[in-house]
Amino acid sequence: MRVMVIVKADESSETGVLPDEKLLTEMGQFNEELVNAGLMLAGEGLHPSSMGARVKFDGKKRTVIDGPFSEAKELIAGYWLWQVKSMDEAIEWLKRAPFDQTEVEIRPVFETEDFGPAMTPELREQEERLRAQAEQLSKAAKR
Amino acid sequence: MRFMLLMIPAGYEDAPPGAMPDAKAVAAMMKYNESLQRAGVLLALDGLHPPSMGARVSFAGGKPKVTDGPFSEAKEVVGGYWLIQVKSKEEAVEWAKRCPGSENEVIEVRQVQELADFPPDVQEAAAGFSELQARSGTGTHS
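Each residue is numbered by its place in its chain's sequence as written, counting from 1. Chain letters start at A and ligand numbers start at 1, both assigned in the order the entries are written. For this predicted model, a pLDDT threshold of at least 70 governs which residues receive local features, and a threshold of 80 or more governs which side-chain atom pairs are given and counted, while totals over whole chains, interfaces and linings are taken from all residues. Hydrogens and water are ignored here; the side-chain numbers use all heavy atoms of the structure.

Helix and strand definitions here come from DSSP, where helices need a minimum of 4 consecutive H or I residues and strands a minimum of 2 consecutive E residues; each element is numbered from the N-terminal end. Counting secondary structure elements, chain A contains four helices and six strands. For chain A, the sequential pattern of α-helices and β-strands runs β-α-α-β-β-β-β-α-β-α. A buried classification covers 49% of the 143 residues belonging to chain A. Taking contacts inside chain A between residues at least 6 apart in sequence as the whole, the part at least 24 apart equals 73%. Here chain A displays about 7300 Å² of accessible surface, and carbon together with sulfur accounts for 52% of that area. Taken together, the 19 basic and 27 acidic charged side chains of chain A have centroids lying 6 Å from each other. The buried label goes to any residue with under 20% of its type's maximum accessible area, the exposed label to any with over 50%, and the partly exposed label to all in between, with areas taken from a 1.4 Å probe on protein chains only. Any two residues whose heavy atoms approach within 4.5 Å are treated as being in contact. In these tables, accessible area is a Shrake-Rupley quantity obtained with a 1.4 Å probe, and a residue counts as shielded only by the protein chains included in the view. In this charge count, Lys and Arg are treated as positive and Asp and Glu as negative; neither His nor the chain ends contribute. One atom stands in for each charge, and that atom is NZ of Lys, CZ of Arg, CG of Asp or CD of Glu.

Structure, rendered in structure tokens:
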């Protein structure tokens, strides 16, 4: 199964304070362990919400609100995607992460088979094609 | 530039384990996904099971403490995301606006940090991260 590991924003990430060398080194070591264990599928940090926007939907109407979103209690600062055998395995790995004061959420990702018969062969084929093409583009973007 | 479009559906914070999106909504969303892919901007996309199937780990004082979902204090949670590659924040917002979202949904548009966004000393300390990312697999969906 895949899980998304969501790192919550705090005051320093939201004000754009960059991590110091100690944290970067520790996080680098942790990432290295994840890669060596074959768990790590992706990992990214997000710029503060002040550089972002929100879009609200109402019928055909769209309302755009520029960041920061100070009223939002739970903003995201970054995430990993991990390939694990169980939620327990994900939790055990996360406990080893070099965080201090941070809160991190683990959420299982929907896989095609989770949808059961609603996922027809046609839809499955479409889904697989989309993913294959997105992955190719993603690999090219990393280079 | 890469952006994350975070789908935040109101009420998803209380969804029971195994909750599934409505088939009609999925069909509309697949059309939207196709349009992102045809435009060559789609890098990744996923849906997340409800928080009732997840867990949180807090690190007060560096000591991990695990709480199983659902999370009663959560007012809004992520239901899924798209990762897109575009030329500007405006273009990312335009794509978010084209999503067949419903009244209870909000999309948050957030720029992804690239190594080049950091000052030289941080880039140096983080050296190897790009290499780690390149070594990280993408797409063993099982």
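A few words now on the overall build of chain B. Across its full length, chain B carries four helices and six strands. Across chain B, helices and strands are ordered from the amino to the carboxyl terminus as β-α-β-β-β-β-α-β-α-α. Seen through its principal axes, chain B has C-alpha atoms that stretch 45 × 45 × 30 Å. For chain B, with 142 residues in total, the buried portion stands at 47%.

Residue and element names in this part refer to chain A. Among the eight residues in strand β5 (residues 76–83), eight count as buried, and that is most of the element. Being paired, for any two strands, means DSSP has found at least two bridges between them. By the bridge criterion, seven bridges tie strand β1 (residues 2–8) to β5 in an arrangement that is antiparallel. Bridge assignment links Val5 to a residue of β5, and that residue is Trp80. As paired strands, strand β2 (residues 40–45) and β5 are joined by five bridges and run antiparallel to one another. In the strand pairing of β5, Gly45 is matched with Gly78.

On to the interface of chain A and chain B. One widely used convention gives an interface's size as the accessible area the parts lose upon coming together. Taken residue by residue, the interface counts 79 residues in chain A and 82 residues in chain B. Where chain A abuts chain B, roughly 7300 Å² becomes buried across the two surfaces, and 58% of that area is made up of carbon and sulfur atoms. Of all residues in chain A, Phe57, Arg107 and Phe110 of chain A bury the most surface against chain B, accounting for 11% of the area lost on that side. The term salt bridge refers to a pairing of a side-chain nitrogen on Lys or Arg with a carboxyl oxygen on Asp or Glu at a separation within 4 Å. Counting across the chain A and chain B interface gives 10 salt bridges. The partner of Glu103 of chain A in a salt bridge is Arg56 of chain B, and the shortest N-O contact between them spans 3.3 Å. Polar contacts, as used here, are pairs of N or O atoms within 3.5 Å; protein pairs need one atom able to donate a hydrogen and one able to accept it. Residues neighboring in sequence count only if both atoms are side-chain atoms. Counting the contacts that link chain A with chain B gives 34 residue pairs in polar contact (both at pLDDT 80 or more). The element best represented in the side of chain A that touches chain B is helix α4 (residues 121–142) of chain A, accounting for 13 residues. When residues are sorted by character, Ala, Val, Leu, Ile, Met, Phe, Trp, Tyr, Cys and Pro go into the nonpolar class, Asp, Glu, Lys and Arg into the charged class, and all the rest, Gly among them, into the polar class. A per-class count over the side of chain A that touches chain B returns 37 nonpolar, 15 polar and 27 charged. Summed over both partners, buried area is the accessible surface (1.4 Å probe) that two parts give up on being assembled.

The subject of this paragraph is a negative patch on the surface. A residue counts toward a patch only above 30% relative accessible area and without a salt bridge, and it is joined to like-charged neighbours within 9 Å or, for Val, Leu, Ile, Met, Phe, Trp and Tyr, to nonpolar neighbours within 5 Å. Taken together, Asp20 and Glu21 of chain A together with Asp121 and Glu124 of chain B make up a surface patch of like negative charges. Within the secondary structure layout, Glu124 of chain B lies in helix α3 (residues 120–125). For Glu124 of chain B, a relative accessible area of 65% corresponds to the exposed category.

Here Ala19 of chain B shows up in the loop between β1 (2–9) and α1 (23–38). When the C-alpha atoms of Ala19 of chain B and Gly101 of chain B are compared, they prove to be 18 Å apart, with 82 residues separating the residues in sequence. When sequence neighbours within four positions are dropped, the list of residues in contact with Ala19 of chain B reads Phe110 of chain A together with Pro50 of chain B.

All right, on to the pattern of salt bridges then. This structure, assessed with the given rule, holds 24 salt bridges over all chains. Across the salt bridge formed by Glu125 of chain A and Arg129 of chain A, the nearest N and O atoms sit 3.9 Å from each other. Here Glu125 of chain A pairs with Arg129 of chain A, and both are found in helix α4, just four residues apart, close to one helical turn. When its relative accessible area of 45% is taken as the criterion, Glu125 of chain A is described as partly exposed. The salt bridge partner of Lys97 of chain B is Glu94 of chain B, with a shortest N-O separation of 3.3 Å. With a gap of three residues between them, Lys97 of chain B and Glu94 of chain B both fall in helix α2 (residues 89–97), about one helical turn apart. Overall, Lys97 of chain B belongs to the partly exposed group, its relative accessible area being 27%. A single network of salt bridges, built from pairs that share partners, joins Lys8, Glu74, Glu103, Glu105 and Arg107 of chain A together with Arg56 and Glu73 of chain B.

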